[in-house]
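# A look at the structure
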Amino acid sequence: MVAYRHLGSSGLKITEITYGNWLTHGSQVEADTAIECVHTALDLGITSFDTADVYANGAAEEVLGRALAGQRRESLEIFTKVYWPVGPMGANDVGLSRKHIMEGLNASLRRLGTDYVDLYQAHRYDYETPLEETMAAFADVLRSGKALYIGVSEWTADQIRSGQEMAGQMGFRLVSNQPQYSALWRVIEERVVPACSELGMGQVVWSPMAEGILSGKYLPGQPAPEGSRATDSRGGARMISRWMRPEVLSAVQALRPVAQDVGLSMPQLAIAWVLQHDFVSAAIVGASRPSQLAENVQACGVSLPQDVMEAVDAALGEVVERDPDRTQSPNPRPA
Ligand code: NDP
């Protein structure tokens, strides 16, 4: 059963498995399948959904809005984000300025077909806008009722501390951070997690399966399976390419006996590993078809003994990324 966890120290409860639609809805996956995935998620007890204005340039929010139409709004937790360039990508269609936050949120609400989102997140840190302007805009967003909670994504520990201090001066709190986190990508553990835990912020983590790599379906030296993200020319193949290295794919195969020993599939082991950490409020999983969600939710409620956690570390060895300096907000418009 998919359990609820508090989002950090806030009163909001979210499902420990949240369904996210980056690279899938409005892109890799046809609308019918996307809607079927959302309905399957609901049937499985997932009520929290993560999207962003930038995913498929607005199309992902639209598909999610259509899929959730007719559901009782109070029984859903909808998260979206602002920062990356959207729409026609004009000078102000990017970043965390007051103008873009206000206009971006209104556009997201229109596409999602709802009056408010539960969690509105700064998708990265904006070096061009004064933090004070961003936080003042978020304070007004909360007062307007168009978002109920505010979070950040991929901010460094120092940025999170400064943001939380300024939020406090403006009468609100940042409740969450959305970082990448999986058995292969552990860069938040040294600095970001201790800062957030001290400040009462939960981690809503992305790519818990390293985009599908930890499912074990990509075999070293062999073509990627038909229909997988690594074969998706609309963006997926480019994004996952950073993981498609022989040493990573070989190390992942060493997880197969570890999963077998505890009676889990490899996707389930990857997600159960993430959910063992009590600083994790939710693992945001992706899925290109309903059957993946049905398999992945079986990771809920699994308790992995310490020796299994150690066996995962031993299998992955040196390919695990731990460098805390890898938490970054790159230029949103690289040359
Ligand atoms: P995952 O690591 O969960 O990868 C999901 C992909 O893995 C699926 O789309 C599918 O791809 C494959 N997969 C899933 N289940 C299985 C299975 N049982 N067997 C085999 N393959 C499987 O997460 P994502 O990378 O999709 O990211 C999840 C969410 O995180 C996003 O939708 C978004 O909401 C959020 N995110 C946030 C970011 C941020 O900057 N804040 C950045 C990136 C993501 P396929 O079938 O095509 O191979």
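Residues take numbers from 1 onward in each chain, read along the sequence in its written order. pLDDT decides what is reported in this predicted model: residues at 70 or higher carry local features, side-chain atom pairs at 80 or more are listed and counted, and totals for whole chains, interfaces and linings draw on all residues regardless. With hydrogens and water set aside, each side-chain value is computed from the structure's full complement of heavy atoms.

So, on to helix H2 (residues 59-68). Side chains that are three or four residues apart share a direction in an α-helix, a result of its 3.6 residues per turn. Here H2 lies mainly inside the structure; seven of its ten residues are buried. With a 1.4 Å probe rolled over the protein chains alone, any residue whose accessible area is under 20% of its type maximum counts as buried; one over 50% counts as exposed, and the rest are partly exposed. Where helices and strands are cited, they refer to DSSP runs of H or I of at least four residues and of E of at least two residues respectively, numbered from the N terminus. Among the residues making up H2, those that are buried are Ala60, Glu61, Val63, Leu64, Gly65, Ala67 and Leu68. Elements that come into contact with the buried residues of H2 comprise helix H1 (31-43), strand S4 (48-50), strand S5 (77-82) and helix H3 (98-112). The first or second residue beyond H2 is glycine 70, which carries a positive phi of 90 degrees. In what follows, a contact means two residues having at least one pair of non-hydrogen atoms within 4.5 Å.

As a further point, take the pairing of strand S9 (residues 202-206). Where burial is concerned, most of S9 is hidden: five out of the five residues are buried. What you see with S9 is no split at all: Gly202, Val204 and Trp206 on one side and Gln203 and Val205 on the other are buried throughout. Note that strand S8 (residues 174-177) and S9 share two bridges and pair parallel. Along S9, the bridge assignment pairs serine 176 with glycine 202. Orient the strands so they point away from the viewer, and a crossover whose first-strand-to-second-strand path over the helix runs clockwise is right-handed. Remark: the S8/helix H6 (residues 192-199)/S9 crossover connection has right-handed handedness. Pairing between strands is defined by DSSP: at least two bridges between them are needed. As paired strands, S9 and strand S10 (residues 280-285) are joined by four bridges and run parallel to one another. When the bridges of S10 are listed, glutamine 203 appears paired with valine 280.

What follows is about the sheet that holds S5. Pairing in this closed barrel of eight strands is parallel, and the strands run S3-S4-S5-S6-S7-S8-S9-S10 around the ring. On average, each strand axis in the sheet is inclined to that of its neighbour by 30 degrees, with strand direction left out of account. Running over the sheet, helix H5 (residues 157-169) touches strand S7 (147-152) and S8 and is turned about 160 degrees from S8. Only the stretch in contact is used when fitting a helix axis, every axis being a line fitted to C-alpha atoms; angles between N-to-C directions are given from 0 to 180 degrees.

Around the ligand, a shell composed of 35 residues is seen, among which Asp50, Ser207, Lys217, Arg229 and Ser288 lie nearest. The separation between a nitrogen atom of the ligand and a polar side-chain atom of serine 153 is 2.9 Å. Distance and chemistry together define a polar contact, namely a pair of N or O atoms within 3.5 Å, with one atom able to donate a hydrogen and the other to accept it when in protein, and with adjacent residues in sequence counting only for side-chain atoms on both sides. At a separation of 2.8 Å, an oxygen atom of the ligand approaches a polar side-chain atom of glutamine 292. A 1.4 Å probe and the Shrake-Rupley method give the accessible areas. Residues count as covered only by the protein chains that appear here. In isolation the ligand has 920 Å² of accessible area, and contact with the protein removes 97% of it. Polar here means any residue other than Ala, Val, Leu, Ile, Met, Phe, Trp, Tyr, Cys and Pro, which are nonpolar, and Asp, Glu, Lys and Arg, which are charged; Gly is therefore polar. Split by residue class, the shell around the ligand holds eleven nonpolar, 16 polar and eight charged. Proximity is defined per residue: any heavy atom of the residue falling within 4 Å of a molecule or strand makes that residue near it.

Let us look at the packing of helix H4 (residues 131-144) against H5. In contact at an axis separation of 10 Å, H4 and H5 are set at 55 degrees when each is read in the N-to-C sense. By the criterion of interaxial angle, the relationship of H4 to H5 is oblique. For the crossing formed where H4 meets H5, the hand is right-handed. Seen from H4, the contacting residues are Leu131, Glu132 and Met135; seen from H5, they are Ser162, Gly163, Met166 and Ala167. Of the residues assigned to the contact of H4 with H5, the class counts are four nonpolar, two polar and one charged. The scheme is simple: roughly parallel for angles under 35 degrees, roughly antiparallel for over 145, roughly perpendicular for 65 to 115, oblique for anything else. By definition, any crossing whose near helix is turned counterclockwise from its far helix by less than a right angle is left-handed, and any crossing with a clockwise turn is right-handed.

Moving on, we come to the packing of H2 against H3. Two elements in contact, H2 and H3, have axes separated by 7 Å at closest approach and are oriented at 40 degrees. As judged from the angle between their axes, H2 and H3 are oblique. Side by side, H2 and H3 meet where Glu61, Glu62, Leu64 and Gly65 of the first sit next to Ser108, Arg111 and Leu112 of the second. In terms of residue class, the contact of H2 with H3 is made up of two nonpolar, two polar and three charged.

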